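# Tertiary structure, described
Single-letter residue listing:
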Amino acid sequence: MAMRAEDTIDLRTWAHRAADWTADYRDGLDALPVRPRVVPGSIAAEIAAAPPEAAEPMEAIFADFDRVIAPGMTHWQHPRFFAYFPGNAAPAAVVAEMLVAGMSAQCMLWQTSPAATELETRVLDWLRQALDLPATFQGVIHDTASSATLAAVLTMRERALGFTGNATGLAGGPRLRIYASGEVHSSIDKAVRIAGIGEDNLVRVPTAGPTRGMDPTGLEAAIAADRAAGHKPAGIIACVGGTSVGALDDVTAIAAIANREGLHLHVDAAWAGAAMICPEFRPLWEGVAAADSVVMNPHKWLGAPFDCSTYFVRAPGDLVRTLAIHPEYLKTYGRDGMVNYSEWSIQLGRRFRALKLWFLIRAHGLEGLRAMIRDHVAWSRDLAARLGAEPDFEIVTEPMLSLFTFRHLSAADGAADAHNLALVEAINDDGRTYLTQTRVDGRIAIRLQVGSFQTTAADLDIAFEAITEIARRLDSATTVTEPLSRARTAG
Ligand SMILES: *Cc1c(COP(=O)(O)O)cnc(C)c1O
């Protein structure tokens, strides 16, 4: 007997239950440890090893979700999530995601969901205006910055090869070269690998100065040396807000070189790009109008639930020529306004991601989003100043927007890296806040970024208390043979 899915599950009842659960969850986050206190394997041990042959009641499934899964989650919407980068999910955008799941349309072509395509075009142009990118830029939504950057690197490759690489492959061709600093995200390394260019051809340009930006003279020298060696420069990747400490390349200077050398310039502003909706932060990416492509993740700071990465390109023709698998789509592109976004993306299948952006931007307005970002930047500066004023803490890198790094100066001399790694672990086990570590000039530093939509100024006070208290407790637990002040002046 044929049975419809709706006969077994009452969607209305369970969607309401899920909505209630979600609202309660969000309201109760403050009381939870940011990172769950679980040991590896403990959750898997609670999950049946084999799939059920017979249908189970939703009541049982939901109860297990509540009992086993939810407590094992790291709470990215927690007000004191200061690790990695934020992953905000504004309530209005969460509602949009529910609607998207309900419709579950596959939005690869205009005709497979006209509204999804046309909304994407419109909303991406809203974002373009919000970021103050020139009208010559057009946007498309990718899942992640990794995919957007891969699309950029593939475009670089094809441009450099006169659009022959897709057909003939790279064997026997010139050695393609891509330029970036050592501060760029690992997704650039990955894109260069996947594009078949080879990581050995990702040229690391030295950085200089407090912003850890690529040295333009070094970039020019690297390009000249490669040309002299018979290699083929293909493109440059600039970073605006590097993942480790927020490194900043001088986009104006690099764009001038890219233009002179005829190279595609891709700007990775996956995290920091969101702040460019605030005019006062735009000097950080001054010159971006001359770039060929820019990636910014609304799923980080801006409030679109994961995943949603926006990729803006100045010449969609090059992108489409690189990624389109059916040349006939080129014929319709730009003529009748019908866009098939799968021709702008790596994957064929596409989720309907524009809806959450539309809900998000309308529910908050640009001013509402700006106000949150401005608060985060101000609170980050305050906290850095407070920690820096403590005698046993040092600020390793000053706030770049809302990201800074610090270190606790341990009495246990010569064990600073181990001490600070132990400190991050202890802070995260404590649960009041959640931080991550990085390496700055070879030494461990603790990263802190303020970016959760739930955060209030009081949460920064709690973080300050947790960090200083745990650091000092750890320190007194290690063998201290001389007073901290003596140890420090000696060191
Ligand atoms: C987060 C981040 C990425 C990677 O983003 P995904 O969307 O997870 O691929 C790349 N570059 C920078 C600068 C980032 O901050």
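Under an unreviewed UniProt entry, the protein chain has the name Pyridoxal-dependent decarboxylase and belongs to Methyloraptor flagellatus. A UniProt comment under Sequence similarities (unreviewed entry) is attached to the protein chain, and it reads "Belongs to the group II decarboxylase family." On record in UniProt, under Cofactor (unreviewed entry), the comment for the protein chain is "pyridoxal 5'-phosphate".

## Thoughts on the domain arrangement of the protein chain
Looking at the assigned domains, one finds that the protein chain contains domain 1 (11-35 + 74-89 + 365-491) and domain 2 (109-352). Relative placement of domain 1 and domain 2: their C-alpha centres are 31 Å apart. The interface is formed by 26 residues belonging to domain 1 together with 26 residues belonging to domain 2. Each partner contributes to the roughly 2200 Å² buried at the junction of domain 1 and domain 2, and carbon and sulfur atoms together form 68% of this total.

## Quick notes on the site of the ligand
Around the ligand lies a shell of 14 residues, among which Ala145, Ser146, Asp268, Asn297 and Lys300 are the nearest. Asn297 places a side-chain nitrogen or oxygen 2.9 Å from an oxygen atom of the ligand. Within the side chain of His299, an N or O atom sits 3.5 Å from an oxygen atom of the ligand. Here the ligand has 380 Å² of accessible area as a free molecule, and 89% of this is covered by the chains. Breaking the shell around the ligand down by element, the ones donating at least two residues are helix 6 (145-160) and helix 11 (298-302). Residues belonging to the shell around the ligand are distributed by class as follows: 4 nonpolar, 8 polar and 2 charged.

## Description of the state of the cysteines
The full count for this structure, using the stated rule, is 0 disulfides. With no disulfide of its own, Cys239 lies 20 Å from the sulfur of Cys278, the closest cysteine sulfur. Not engaged in a disulfide, the cysteine Cys278 finds its nearest cysteine sulfur in Cys308; these two sulfurs lie 18 Å apart. Residue class for Cys278 comes out buried when judged on its relative accessible area of 0%.

## Digging into the nonpolar core
Judged by nonpolar contacts, the single largest core of 68 residues is most densely connected at Ile236, Leu265 and Val267. Per-element accounting of this core gives the leading share, 9 residues, to helix 14 (residues 354-389). When residues of this core are sorted by domain, at least three fall in each of domain 1 (11-35 + 74-89 + 365-491) and domain 2 (109-352). Apart from the residues lying within four places of it in its own chain, the contact partners of Ile236 are Met156, Tyr179, Met214, Leu219, Ile223, Ile254, Ala258, Leu263, His264, Leu265 and His266. Within the second largest apolar cluster, 36 residues are counted, among which are Leu176, Val295, Val320 and Tyr341.

## Description of the pattern of salt bridges
As enumerated under the stated definition, the model contains 35 salt bridges in all. Taking the shortest distance from any N to any O, the salt bridge between Arg67 and Glu46 comes out at 2.9 Å. Placement of Arg67 in helix 3 (residues 58-69) and of Glu46 in the loop between helix 2 (11-28) and helix 3 is noted, with a sequence separation of 21 residues between them. A residue is classified by how much of its surface remains accessible, and Glu46, at 47% relative accessible area, is partly exposed.

## Concerning the confidence of the model for the protein chain
The pLDDT averaged across the protein chain works out to 93; a share of 93% of its residues lies at or above 70. Note on residues 479-491: pLDDT under 50 across the span, and 14 contacts to partners over four residues away in sequence or across chains.

## Description of the packing of helix 6 against helix 12 (residues 316-323)
Their axes nearest at 9 Å, the elements helix 6 and helix 12 cross at an angle of 90°. Relative to helix 12, helix 6 is oriented roughly perpendicular. On the side of helix 6, the interface is formed by Ala151, Leu154, Thr155, Glu158 and Arg159, while helix 12 contributes Asp318, Leu319, Thr322 and Leu323. Among the residues forming the contact of helix 6 with helix 12, the class breakdown is 4 nonpolar, 2 polar and 3 charged.

## Topic: the sheet that holds strand 7 (residues 264-268)
Spatially, the 7 strands line up as an open sheet ordered 1-9-8-7-6-2-3, and their pairing is mixed. Edge strands, defined here as strands with exactly one partner in the open sheet, are strand 1 (138-142) and strand 3 (202-205). Between one strand axis and the next, the sheet turns through 20° on average, direction left out of account. Pairing of strand 2 (residues 176-181) with strand 3, which is carried by 4 bridges, proceeds in the parallel orientation. From the neighbouring strand, Tyr179 faces strand 3, where its bridge partner is Val203. Running at roughly 165° to strand 2, helix 9 (residues 216-228) makes contact with strand 2, strand 3 and strand 6 (232-239) of the sheet. The strands that helix 10 (residues 251-261) touches are strand 6 and strand 7; relative to strand 7, the one it contacts most, it runs at about 160°.

## Observations regarding the sheet that holds strand 12 (residues 436-440)
The 4 strands lie next to each other as 10-11-13-12, forming an open sheet whose pairing is antiparallel. Each having just a single partner strand, strand 10 (393-400) and strand 12 make up the two edges of the open sheet. Strand-to-strand twist of the sheet, defined as the mean angle between neighbouring strand axes without regard to direction, takes the value 35°. Pairing analysis gives 4 bridges linking strand 11 (residues 403-408) to strand 13 (residues 443-449), with the strands arranged antiparallel. In the strand pairing of strand 13, Phe404 is matched with Leu448. Here helix 15 (residues 416-430) sits on the sheet in contact with strand 11, strand 12 and strand 13, set at roughly 30° to strand 13.

Reading the values: rules and limits
- Residues numbered from 1 in each chain as written.
- Predicted model: local features only at pLDDT ≥ 70, side-chain atom pairs only at ≥ 80, totals over all residues.
- Heavy atoms only, no water.
- UniProt positions renumbered as here; feature names shortened; annotations may be inferred.
- Domains from an automatic or database assignment.
- Contact = heavy atoms within 4.5 Å.
- Buried area = accessible area lost by both parts, 1.4 Å probe.
- Near = heavy atom within 4 Å.
- Polar contact = N/O pair within 3.5 Å; in protein donor to acceptor, adjacent residues only side chain to side chain.
- Areas by Shrake-Rupley, 256 points an atom, 1.4 Å probe, with all protein chains shown as cover.
- Helix = DSSP H or I, 4+ residues; strand = E, 2+ residues; numbered from the N terminus.
- Nonpolar A, V, L, I, M, F, W, Y, C, P; charged D, E, K, R; others polar.
- Disulfide = S-S within 2.5 Å.
- Buried < 20%, exposed > 50% of the residue type's maximum accessible area, 1.4 Å probe, protein only.
- Core = buried A, V, L, I, M, F, W, Y, C linked by side-chain atoms within 4.5 Å.
- Salt bridge = Lys/Arg side-chain N within 4 Å of Asp/Glu carboxyl O.
- pLDDT = per-residue confidence, 0-100.
- Axes fitted to C-alpha atoms, helices over the stretch in contact; angles between N-to-C directions.
- Parallel < 35°, antiparallel > 145°, perpendicular 65-115°, else oblique.
- Pairing = 2+ DSSP bridges.

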